[in-house]
Amino acid sequence: MKTARLLRIFVGLATMAGLLLSGCAPTAATPTQAPSAQSTAAPSGGTTPEAAPTEYVIGMSFPLTGDLASYGDAAAKAAKMAEEEINASGGINGVPIKVDIQDDRCDGEGGLTVLNKLKAEGVPVVTGFFCSSEVLNVCARYNELQVVQYVDGSNPKIWSGACGDYTFGTWGNDADQGKAQANFVLNVLKAKEVGMVYTNNDYGLGLHDSFKAAFEAAGGTLVIDLPVQQQGTDFRTEVARLKDAAPAVTMFEMYGPTGAVFLRQSKELGVVTQFVGDVNWASLETLKLEPDGADGIIAPTETPDTPEYHAFFDAFVKKYGTDPFYGSNHQYDQIYLAAKAIKMGGYTADGIKGVTMQAASDFVGASGPKKMGPDRNAKYFFTWVQYKGGQTVPYSQ
């Protein structure tokens, strides 16, 4: 039975690789005709065009150190898994890909360092960008240098004009997440008064502002509004304030490592409230950082219950011996999408930029469909789960 199951995983991933790279894509040039990173035109005088590179390098910018390193480690493993699968299926017209993974530390300075390095090496497309703050700090420079970026960052400002047309989103817009949270709290939990705890950065502020606008427009009230620091290590002061306010429901918009500290200290200080998290808190790997304090939390999930996701999950566990951490399926899909765009448009930033929305239009991967709207961003699709007894289960009242 085990051998048959492993065979099904292998066949499923091989089929996925072929479909994601071929699909409805136009026939690409043969390897000897594919454009190089430096030139897409033949030299003058009728000479032969440059040969294809020996490998197609796809950049990846992600926090590999610091308090978000656990996300980066899993994302890097998922990216390398995608690289191996694509190359095992023949690469791009026989040319292998290589994912060049760089640590951006989830900040603008680190992100610019990564950009300068990859631009100097002729890399036309960079994936990753887990943190909205970093995206907002670097996207103008990506546009100026004409390097394509596929980003996880989901702050609404990214998709309302702050970034240029070399920036594409594969995750969603937190304006949609905030509205979905407001609708859930009002119409499912029937709560008109809530507290809110959020990380004081562009990601947290984007969620905070979109939730607050939708919630208050429908007659809701925030009884306490608590911004916290992304790299904080002790939140007892904020926890005490939350306890004093005693909201029946508290919106909880924090990253896993620091959010685990807040939840632990909330339990220790006897806070009684129904926490409703963001998408971070639908991930078992995040929840296991603080299983006691997180018990009972409700959160939206955009992890699809599909054959593509289960094939990814099984392959990740088989390869690395652990469950994939939150968001790693998105990074896996970004590598496949970048490879498909290179196959369709050639190995230049303008070629990739020109076909990305077409490549995404029929792309369905381990994180779901990637069809993009006019804002060059994919859409969220939510269901709701609750963490109970060490497992996430579909939410029911």
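The structure this text deals with has already been given above.
Computed from a predicted structure; not experimentally measured. (Residues numbered from 1 in each chain as written. Predicted model: local features only at pLDDT ≥ 70, side-chain atom pairs only at ≥ 80, totals over all residues. Heavy atoms only, no water.)

Describing unusual backbone geometry
- Look at R105: it is not a glycine, yet its phi comes out positive at around 60°.
- As for its position among the elements, R105 is in the loop between strand 2 (97-103) and helix 3 (108-120).
- We classify R105 as partly exposed; its relative accessible area is 40%.
- The backbone of R376 sits at a positive phi, close to 65°, despite the residue not being glycine.
- With respect to the element layout, R376 can be found in the loop between strand 12 (368-369) and strand 13 (383-388). (Helix = DSSP H or I, 4+ residues; strand = E, 2+ residues; numbered from the N terminus. Buried < 20%, exposed > 50% of the residue type's maximum accessible area, 1.4 Å probe, protein only.)

A word on the sheet that holds strand 3 (residues 125-128)
- Read from one edge to the other, the open sheet built from five strands follows the order 2-1-3-4-5, with strand pairing classed as parallel. Of all strands in the sheet, those with a lone pairing partner are strand 2 and strand 5 (167-169), marking the two edges. Between one strand axis and the next, the sheet turns by 25° as a mean value, whatever way the strands run.
- Examined bridge by bridge, strand 3 and strand 4 (residues 148-151) share two bridges and lie parallel to one another. Residue pairing across strands places V125 opposite V148, the latter belonging to strand 4.
- On the sheet, helix 2 (residues 69-88) packs against strand 1 (56-62) and strand 2 and is oriented at approximately 170° with respect to strand 2.
- In this fold helix 12 (residues 328-345) packs onto strand 1, strand 2, strand 3 and strand 4, with an angle of close to 160° to the strand it touches most, strand 3. (Pairing = 2+ DSSP bridges. Axes fitted to C-alpha atoms, helices over the stretch in contact; angles between N-to-C directions. Contact = heavy atoms within 4.5 Å.)

Quick notes on the packing of helix 7 (residues 236-245) against helix 8 (residues 256-268)
- Between helix 7 and helix 8, whose axes approach to 9 Å, the crossing angle comes to 55°. Comparing their axes, helix 8 and helix 7 come out oblique. By crossing handedness, the relation of helix 7 to helix 8 is classed as right-handed. On helix 8, the residues that touch R236, E238, V239 and L242 of helix 7 are F262, Q265, S266 and E268.
- In terms of residue class, the contact of helix 7 with helix 8 is made up of three nonpolar, two polar and three charged. (Parallel < 35°, antiparallel > 145°, perpendicular 65-115°, else oblique. Left-handed = near helix turned anticlockwise from the far one by under 90°. Nonpolar A, V, L, I, M, F, W, Y, C, P; charged D, E, K, R; others polar.)

Focus on the packing of aromatic side chains
- Evaluated as defined, the whole model comprises 25 aromatic pairs.
- Between Y71 and Y326, the aromatic rings sit 6.2 Å apart at their centres with planes inclined by 75°, giving edge-to-face as the arrangement. Separated by 255 residues along the polypeptide, Y71 in helix 2 and Y326 in the loop between helix 11 (307-320) and helix 12 bring together distant segments of the chain. When sorted by exposure, Y71 lands in the same class as Y326, which is buried.
- Taken together, the aromatic side chains of F62, Y71, F130, W171, Y203, Y255, F325 and Y326 make up a single cluster linked through ring pairs.
- Geometry around Y166 places K353 over its ring, the cationic atom sitting 5.0 Å from the centre. (Phe/Tyr/Trp six-rings, centres within 6.5 Å; stacked < 30°, edge-to-face > 60°. Lys NZ or Arg CZ within 6 Å of the ring centre and 35° of its normal.)

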